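Below are the chains, spelled out letter by letter.
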Amino acid sequence: MAGYIGAKVGTVTANAADIKGDISSTDTSPDLTLKNTTQEDSDGGRESTITFKGEQSGGEETTLAQIQASHDGTSDDEKGDLIFKTNDGSDGASPTEAMRITSQQRVGI
């Protein structure tokens, strides 16, 4: 059975293990916001990550890929990087960076 987040839910603070099934939002302009509340200006800080996992045929859980947004640089500013990571089979639960879009809108592969 799918879960549902409506347009007026507000902040969800449940442990991720408590959320089961699909999560969807239906609205004229739905948004999903991940906020790191750590106050920091370090390079790579303020990060938020979406992790994609699956189960192997033996039931082992594997981390397949991640998308991470984080602070770019060490200044007190709004610059951010968007980082895409994939698992090449030797990474365990820590996928390797495959592509980065920097705050200067440069793409690195």
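Residues numbered from 1 in each chain as written. Predicted model: local features only at pLDDT ≥ 70, side-chain atom pairs only at ≥ 80, totals over all residues. Heavy atoms only, no water.

So, the side chain of Thr102
Piece 1. Its location among the elements puts Thr102 in the loop between strand E6 (96-101) and strand E7 (107-108).
Piece 2. For Thr102, a relative accessible area of 19% translates into the label buried.
Piece 3. Not counting residues within four places of it along the chain, the set of residues in contact with Thr102 comprises Asp72, Gly80 and Asp81. (Helix = DSSP H or I, 4+ residues; strand = E, 2+ residues; numbered from the N terminus. Buried < 20%, exposed > 50% of the residue type's maximum accessible area, 1.4 Å probe, protein only. Contact = heavy atoms within 4.5 Å.)

What about the side chain of Ser103?
Piece 1. Relative to the assigned elements, Ser103 resides in the loop between E6 and E7.
Piece 2. With residues near it in sequence (within four places) discarded, Ser103 still touches Asp72, Lys79, Gly80 and Asp81.

Observations regarding the pairing of strand E3 (residues 48-55)
Piece 1. Where E3 lies against strand E4 (residues 61-71), eight bridges are found, and the strand directions are antiparallel. Residue pairing across strands places Thr51 opposite Gln66, the latter belonging to E4. (Pairing = 2+ DSSP bridges.)

With respect to unusual backbone geometry
Piece 1. Phi angles above zero are rare outside glycine, and Arg46 is one such case at about 55°.
Piece 2. Along the chain, Arg46 falls in the loop between strand E2 (23-24) and E3.
Piece 3. Exposure remark for Arg46: the relative accessible area of 26% places this residue in the partly exposed category.
Piece 4. Residues other than glycine seldom take positive phi values, yet Gln105 does so here, at roughly 60°.
Piece 5. Structurally, Gln105 can be placed in the loop between E6 and E7.

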